[in-house]
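Geometric and topological summary
In case you want the letters, here they are:
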Amino acid sequence: MTRVAQLLCAVAALSAVLAPTVSAIPYFHNVNGVDLQGHTCKLPDFPAQACPQLCVTSPTLCPADIRPACPTGQQWCHDGTCASSCDAALPSPCGCPASPPPLDASKANWFPCNGTSSVDVLAVKPADKPAKTLDVCAALLKSSQVNDMSYISCPAMTYATVTLELSIWKSFMGMLGIQICVIIMFAAIKYTLERSKRQAAAAASSESAQDLLANTNTNSNASEKALIDTFRHNSFLDTTALLASRRPTGKDAHAHTETTETEKPITAAIDSDDTGSEHSSSNMSDSSAETGFIRFAYYVSNPIGTIGYYISIAWIVYLQVFLGLTVWDYYASLEVVPITRFYYDYTQVPYAFVLVWHFMVLTLVLWRVGGAVTVRNFFRIRVNNVADADYVVVTRKVETVNATDHTERGVVRAMLNMVQAVEAFADRYFKLQLKVTCHTIQTSPHVKVPFFYYESLRYVYSPITRDFTPYPYTLGTTVTDHVVVAQEAHGKGGLAETDLQQRLDLVGPNEIDIPPKTFLSLWTTELSGWFYLYQGSCLWVWYYFSYWNMGLVLTIVILIASLIKTTVSYQSHRRIRMLASMRATVTVLRNGTFTVVDSREAAPGDVIRLTPGVLSVDLLLVQGEALLDESSLTGESRPIRKFPAPDSDSAVLDNAHHKRHILLAGTGVLQADEGAYGLVLKTNVATSRGVLIQKMLHPTPIRFVFDEQLKVVLSVMLIWGVICFSLVMYFMGPAQISSWFYSLFIISEVISPLLPAVLVAGQSVAADRLVRKHQVYCIDLPRITMAGKIQVFAFDKTGTLTKEGLDMWGFLPATAAAPKNPDALLDLSADYTALESHAQLALATAHSVTAHENQLLGNPVDVSMFGFTGCALDGDKVLSAQGDVQGTILKRWEFVHAKQTMSALVKDAGGQMHVFAKGSYEKIRDMCTAGVPEWYDATARGYAKRGGYVLAIASKPIAADMSVDAAIHQPRDDAESGLTLLGLVVFRNTLKPDTKDAIEDLQKGVVRTIMVSGDNVFTCVYIARECGLAPLYNESYARCVYADMEEVEVSAAATTTDVTAVAATATTTKRLVWRDLDTEEELSADDIEQLWEQRFIKPLDLASSGPAWHELTRSGLAEKYLLSFRIWGRMSPEQKIDVVRRHMAQNMIVGMCGDGGNDCGALNASHVGVALSEAEASIVAPFSSKTKSVRSCVDLIAQGRAALASSFAGFKFLVMYGMTMSSFCLVQYYFGVVLSQWTWIFIDGIIVVSSIASLTQAKALKHLEPRRPTAQLLGPQTMISIFALAAINWTYLFMGIYWLFQQDWFRCNEFDASASDASKWWLLGDNYESTMISAVVLFQFITNGAAFNFGDKFRRSWFTNRIYAVLFVALMSVASVLILTGPNWLTCMFRINCGSPDTLVALGYQRPSFAIEAYNALTGNNLLPTSFRWQLWAYVLSNSVASLLFERFVMLGPVRDWARAKWPLQRKYVPM
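Residues numbered from 1 in each chain as written. Predicted model: local features only at pLDDT ≥ 70, side-chain atom pairs only at ≥ 80, totals over all residues. Heavy atoms only, no water.

**Side note on empty space enclosed by the protein**
Rules: Grid spacing is 1 Å over the protein atoms alone, the probe is 1.4 Å, and a cavity is where that probe fits but cannot get out, while a pocket is an open set with protein on both sides within 12 Å along at least five of seven lines and lining residues have an atom within 4 Å of a point. Grid points are joined across faces, edges and corners, and a volume is the space filled by probe spheres set on the points. Segments assigned H or I by DSSP are reported as helices when at least four residues long, segments assigned E as strands when at least two residues long, and all are numbered from the N terminus.
Enumeration according to the criterion identifies 10 cavities of 30 Å³ or more in this entry. Lining the largest cavity are 20 residues; nearest its centre among them are A1205, K1212, Q1277, R1355 and L1452. Among the elements of the structure, α38 (1191–1231) and α40 (1276–1300) are those that each provide at least two residues to the lining of the largest cavity. Top contributing element to the lining of the largest cavity by residue count: α38, with five residues.

**Examining the side chain of Q886**
Going by this rule: Exposure classes here rest on a 1.4 Å probe applied to the protein chains alone. A residue is buried below 20% of its type maximum, exposed above 50%, and partly exposed in between. Residues adjacent in sequence count toward polar contacts only when both atoms are side-chain atoms; beyond that, a polar contact is any pair of N or O atoms within 3.5 Å, and within protein one must be able to donate a hydrogen and the other to accept it. We call two residues in contact when some of their heavy atoms are within 4.5 Å.
Examined against the element boundaries, Q886 turns out to sit in strand β36 (residues 885–896). Classification of Q886 by relative accessible area gives buried; the value is 17%. A distance of 3.0 Å separates a polar atom in the side chain of Q886 from a polar atom in the side chain of Y832. Filtering out sequence-adjacent residues up to four positions away, Q886 remains in contact with Y832, Q840, L841, C871, V878, L879, S880, D908 and A909.

**Concerning unusual backbone geometry**
A positive phi angle is found at E455, which is not glycine, with a value near 50 degrees. Positionally, E455 belongs in the loop between β15 (450–454) and β16 (457–462). On the basis of relative accessibility, which here comes to 11%, the residue E455 falls in the buried class. A positive phi angle, close to 55 degrees, is found at K1188, a residue other than glycine. Among the structural elements, K1188 can be located in the loop between β53 (1183–1185) and α38. We classify K1188 as partly exposed; its relative accessible area is 32%.

**A look at the pairing of strand β51 (residues 1150–1154)**
Note on strand geometry: in a regular strand, side chains alternate between the two faces of the sheet. Put simply, the rule reads: At least two DSSP bridges between two strands are needed for those strands to be called paired.
Counting buried residues along β51, five of its five residues qualify, which places the element largely inside the surrounding structure. Burial along β51 is two-sided: V1150, M1152 and G1154 and G1151 and C1153, pointing in opposite directions, are all buried. Both strand β30 (residues 792–795) and β51 contribute to a ladder of four bridges, which runs parallel. Its bridge partner lying in β51, V792 is registered against V1150. Pairing geometry for β51 and strand β52 (residues 1168–1171), over four bridges, is parallel. Across the sheet, the residue bridging to C1153 is V1170, located in β52.

**Focus on the environment of W1305**
Relative to the elements of secondary structure, W1305 occurs in the loop between α40 and α41 (1328–1347). What W1305 contacts, discounting residues up to four positions off in sequence, is L1300, Y1328, L1424, P1425 and F1428.

**Some points on the sheet that holds strand β27 (residues 677–682)**
Heads up, the rule is: Geometry is summarised by axes, namely lines fitted to C-alpha atoms with helices restricted to the contacting stretch, and by angles between N-to-C directions that run from 0 to 180 degrees.
Taken together, six strands build an open sheet; the order of strands is β19-β18-β20-β27-β22-β25 and the sheet is antiparallel. Of all strands in the sheet, those bounded by a partner on one side alone are β19 (593–598) and β25 (662–663). As paired elements, strand β22 (residues 618–623) and β27 share five bridges and run antiparallel to each other. Bridging from a neighbouring strand, Q623 pairs with Y677 of β27. Running at roughly 120 degrees to β27, helix α12 (residues 479–491) makes contact with β18 (585–590), β19, β20 (607–609), β22 and β27 of the sheet.

**Things to note about the sheet that holds strand β5 (residues 111–112)**
An order of β5-β2-β7 is seen for the three strands of this open sheet, with the pairing classed as antiparallel. Of all strands in the sheet, those bounded by a partner on one side alone are β5 and β7 (149–152). Judged from the four bridges that link them, strand β2 (residues 53–56) and β7 form a sheet pairing that is antiparallel. Residue pairing for β7: C55 is matched across the bridge by S150.

**Description of the state of the cysteines**
Between two cysteines, a covalent bond joining their sulfur atoms is known as a disulfide. Just so we agree on the cut-off: Any cysteine sulfur atom paired with another within 2.5 Å is treated as part of a disulfide.
Tallying each qualifying case throughout the model produces eight disulfides. Note that C41 is cross-linked by a disulfide to C1308, the S-S spacing being 1.8 Å. Residues C41 and C1308 are joined by a disulfide whose S-S torsion is about -75 degrees; by sign, that bridge is left-handed. Taken together, the positions of C41 in the loop between α1 (3–18) and β1 (46–50) and C1308 in the loop between α40 and α41 put the pair 1267 residues apart, joining distant regions of the chain. Judged by relative accessible area, C41 falls into the buried class, the value being 5%. Bridging C70 to C82, the disulfide has an S-S length of 2.1 Å. Taking the sign of the torsion about the S-S bond as the criterion, the disulfide between C70 and C82, at about -75 degrees, is left-handed.

**Quick notes on the pairing of strand β17 (residues 467–470)**
Going residue by residue along β17, you find D467 and T469 tucked away on one face and F468 and P470 tucked away on the opposite face as well. As judged from the four bridges shared by β16 and β17, these two strands associate in the antiparallel manner. Within β17, the position partnered with Y461 by the bridge is F468.

**Some points on the packing of helix α20 (residues 737–750) against α38**
Worth spelling out the cut-off: Angles below 35 degrees are treated as roughly parallel, those above 145 as roughly antiparallel, those between 65 and 115 as roughly perpendicular, and all remaining angles as oblique.
Two elements in contact, α20 and α38, have axes separated by 8 Å at closest approach and are oriented at 155 degrees. Judged on the interaxial angle alone, α38 and α20 are roughly antiparallel. Mapping the contact onto sequence places Y742, F745, I746, E749 and V750 in α20 and Y1217, G1218, M1221, S1222, C1225, L1226 and Y1229 in α38.

**Points about the packing of aromatic side chains**
Geometrically, a pair of aromatic rings is defined through the distance of the ring centres and the angle of the planes. Convention followed: Each Phe, Tyr or Trp ring, with Trp reduced to its six-membered ring, pairs with another whose centre is within 6.5 Å; inter-plane angles below 30 degrees give stacked pairs, above 60 give edge-to-face pairs, and intermediate values give tilted ones. Only Lys NZ and Arg CZ are tested; either one counts as a charge over a ring when it is within 6 Å of the ring centre and within 35 degrees of the ring normal.
Taken as a whole and assessed by the stated rule, the structure comprises 65 aromatic pairs. Plain terms: the ring middles of W740 and F741 are 5.0 Å apart, the flat faces sit at 90 degrees to each other, and that makes the pair edge-to-face. Residue classification places F741 among the buried residues on the basis of a relative accessible area of 2%. A centroid spacing of 6.2 Å and a plane angle of 85 degrees characterise the contact between F1224 and F1341, whose relative ring orientation is edge-to-face. Highlighted residues: F1224 in helix α38 and F1341 in helix α41, separated in sequence by 117 residues. Pair check on accessibility: F1224 and F1341 agree, each one buried. Sitting over the ring of W110, K107 keeps its end group 5.2 Å from the ring centre.

**Overview of the side chain of T667**
Among the structural elements, T667 can be located in the loop between β25 and β26 (668–672). Within polar-contact distance, the side chain of T667 engages the backbone oxygen of L664 at 2.6 Å.

**Describing a nonpolar patch on the surface**
We count it as follows: Each patch is assembled from residues with relative accessible area greater than 30% and no salt bridge, linking like charges that lie within 9 Å and nonpolar side chains (Val, Leu, Ile, Met, Phe, Trp, Tyr) that lie within 5 Å. Surface exposure here means Shrake-Rupley accessible area, sampled with a 1.4 Å probe, where a residue is shielded only by the protein chains that are shown. Here, a salt bridge means any Lys or Arg side-chain nitrogen found within 4 Å of an Asp or Glu carboxyl oxygen.
Together, F425, Y429, F430, L432 and W530 make up a nonpolar patch on the protein surface, roughly 530 Å² of accessible area in all. The dominant element in the nonpolar patch, judged by the number of residues it contributes, is helix α11 (residues 410–430), at three residues. Tracing the backbone through its elements, the reader meets F430 in helix α11. Classification of F430 by relative accessible area gives partly exposed; the value is 44%.

**So, the confidence of the model for the chain**
Going by this rule: Looking at any residue, its pLDDT shows the predictor's confidence there, from 0 to 100.
On average, residues of the chain score 82 in pLDDT, and 87% of them reach the 70 mark or higher. Low pLDDT, under 50, characterises residues 248–291; the stretch is placed with 126 contacts to residues that sit more than four places away or in other chains.

This is how it looks when you write it as structure tokens:
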């Protein structure tokens, strides 16, 4: 057979395979039936049609044009070649040797003619062309020779889809067989071994934990008995905490054994809400709140299972290779000379791809549903005894925080309920909401206790509870207990070596164990998500279906999006690891001497000498004083002095209340007294610094309303995709394999694989702008869009709204005369030299200030007061401005939170000793027996209401006969008794320059501003009013009522009904009191209720102190009055968290702004935390600002709103992309046409990708508008916008098709798929239908992006997005050129308004200088008439104008405003 004949056969065979993919014809009209006048269309002619192979009994019978002519000496043989002699065994093509079975054995010895004849087939329907061609060819044969010649059409050889004769199928069946056999064999082994181990466990000892603690007479083996004995005799063990975490016993224990899993409440230190929690010297929970349950399951490796696991991985890789080879073979079959490398015939390729594609998707879905850890553990043996286990699998339910500002109703609620029901069903059976991790069980070197690390926390095996738990230890409860432990350890020369090794084994070395994660591992985790699985599956179809170029573009875009997310995660992980990897040395008491050791060797209970450097442990200072730099942890700019813990303090040791004695890990020791030492309280991840790092490593996931409704939208789009899939299968023919490709292709267009990329793009652009323009850094990209929905913003006061330091306002002597006007305040003296000498000495000495390298160190208030005096320090001597010794400080009694005072013993220049006490004006008043004037309380409150920080100072002379030593060692209570008031010391905290403007901008943006501070309530109210946080109503402030706890006599408390009284002493009680802030009038509970009910008529702002808030939460009033509270003062860190969480529980998006010190817990708990600090503690917040300005909050919200609007724009664009794509795909498949390849590339690769990238470049407004962007994907604004634009587009598309059918030049020139070269789908656009569809949808895709580029309330105007504006003009220009211009390189590349070269010449055009593949249409061109081009251009422009006008004036303009006013959205009311 000649080369030409081979080529013809190959093309014919390929056409036979692919032709059915476009064999559909419109179902509702007859193609080329009649013209506009109703006349029957002339049937087309098909010139030069090749006849089938002509076979003859003798070569001489062949017609002259195809008669064989062999060289001299050769003859024409049966196989169609010339040879000197012909072998009788040569197969003749006339006998169809390759067809099963031969058609006619009698023609097996006939001779084929050399080539085929061509005939003109006239006036025939395309579908009848093959039969008519055969008839015309047969008519050429002479009737007398009909028995000696015949046209032969051999049927194509059919092959089984799967045949073991092919190597590729041998490998597939071999891999599949191995996979199945290994799974079955290992499942049998697994069942047998696990059953025997369960039976052994059921017969094992069932002693209770109490029994095991009482004695060691147990059935356990020797090693476990030794471990039990170690636990029983270890005084370091907190048995109460251990028993509280034990697993069930009795029948429950038996049931537990049967499941071989342990389930228990999570009580790890990582769940502590704040660093200021109780410091109980344990690595167990600092909070008793349960956040979920954790389960353990134990496994051991098995060699057969390990082999099976790696075979499973090899199977996944093999499937990708198989698909790749199949795609390669597909493209090889499209070459000029088609070949197949792995299959017999082209017909096998698509079936093979579809079959293996389904295997791949099924395999990946199973892996994704089970999870990599679950799959790996399927190939391991589960055991009951920890001693037998190599691995522990930890399963934990991930708790999430809900973030929504809207309660869905109606249809939306029903749809959400349906999706959530499906999620619940899937979670029930597939545990999709559980976090499953696997950890290697190790054994400690000395105690030989099994342990593993989970989320950096060391879990050790307890033989008492027979479970893993963070080792619960205790050093004591009260301050005195800890001091005694330290003193005893110091007296014994430190921890014994055995105790040290035991504690290191049980608690772990002093390091935060964060396993390194490579970029590749994080990227792999990112790519293992559900949507990436969908994307990869779709892209395989694109690569196969001659769309590799766009598949490559989308692959690059998807990978870039995934790399952006992975890069953010990787940088955050590296940053946290760098913070955690603290390696230093400590001077620890060992064997009677202080020895320098690696900080990893420090253990709880160690005694450590303080030396300059960074601390790596939490420490209780027991002896000596120390100066600390806490800026890296708390953000405190000034060094802080720490004092030794008293040995007579019976209070429970607590971080917040005893912070003057506790040194935290991560802080730096600047200087320490000689011999100063402390007791190690906590190490590794249990330290305050470790808790912060835990929160950074494992933040609580937040469920944003956008993400929840996205599931519904995707579900609806999937349903629509399935409907389109079914319609395409119906149009294209369900029996044909190619219909599957077209159908799946439309699903991948309905749900764009770019959807996750568009969400990441908007967030990353906003994050970059925040850094470049505002110096706001983000470590959690999704929180940016959440910031755009903030409804309530809570602020700390000092260092946030106000400057960090306090300025000395002045001193008011107690001897000042009462003011004549009771409402007037006495003037403060701002001149230190004008004060009485005794008052001068008090101000110069009653402080904790020390000098270090010419810098005053200490409490900022003390530093400010001492700076006011102009004095200097020389050790303990106080020098006046003239250099004279003004006094000598003999002793300081440090500030005690419970007393709210500090004192100093001072010797004046004359040798007389005095005690000066300074503290809150209330406490000092109660401690004074003389000198308190009548105006005292009113004046102190008055200055507090004006923003003053009011302290009082008092003194007492020491008896002349008391020695210095006796004075120094006298009890503090004696020293601070019988005081005489000297006066008031008033400081003021000034606002930052831009605070007021920032707060005003937030309120204009409908963000409620509140204050949660540790300062005095009066000061907070003053600052709130001064900065506008408490806004004006009709030129006046809202009535402010504050709640506080006041002491009253028992008899008075017994009659009150406001709230349950709490006994304070035998004669007094504290009760909740409401007072008007301005008048000090006491209000009853009924008065407050009446004011609250009238709050919409008469504005009301409530304020509360920390103790009062505690009572309000107990009584339930906190929840009721929550949104009327504006200011909280004297709040502890835990109470700040409580306020934030209560607002979040009201379905509000809450932001928190603070300096990253004691408010870091609230920063972490809020939806959007902004830390105005560069301290390590501030990293728990998603955002941190280097400018340390409240303006950062405004900038963040503005960028968040713009990012949310941009994300919605991109999302709506892709939804419109899917709806537009599905509509025109259904239309084109109905007509049996497909847009040209470059049209697809222009849409998917240029319009879509560039529009998404440029839409995210829209800039944020510089100010906040009085509304928030919607986050409701299913909200009316989003749905109306999408469906209305889709309706406009569909109308124009269908009307355009109808218009096309009204054209005379089109009727009778319709595209008939049966007359096309179906082997090349990209040539199915060579027709007028495809040109019309292309013209309409190109403008629609471009306009979709333009419609969503409008800025409106959150982004700047349309043209300020210059990137998109330029892109829009360029895209519209290209689309216009394609419609308006005639044949040129651009239109011919798009195969729009072009034709075959010969056809163009025949129509009067010059022959193109560039190559044009012959048109796959009867007309040979799709040139539109010139007049129709201009009409079409105007038509598609009107489509664009209609869409843009609708979006601008209906969705974003006056129509929307009118609709909102008439039908306001039902949202939660948040008072401003």
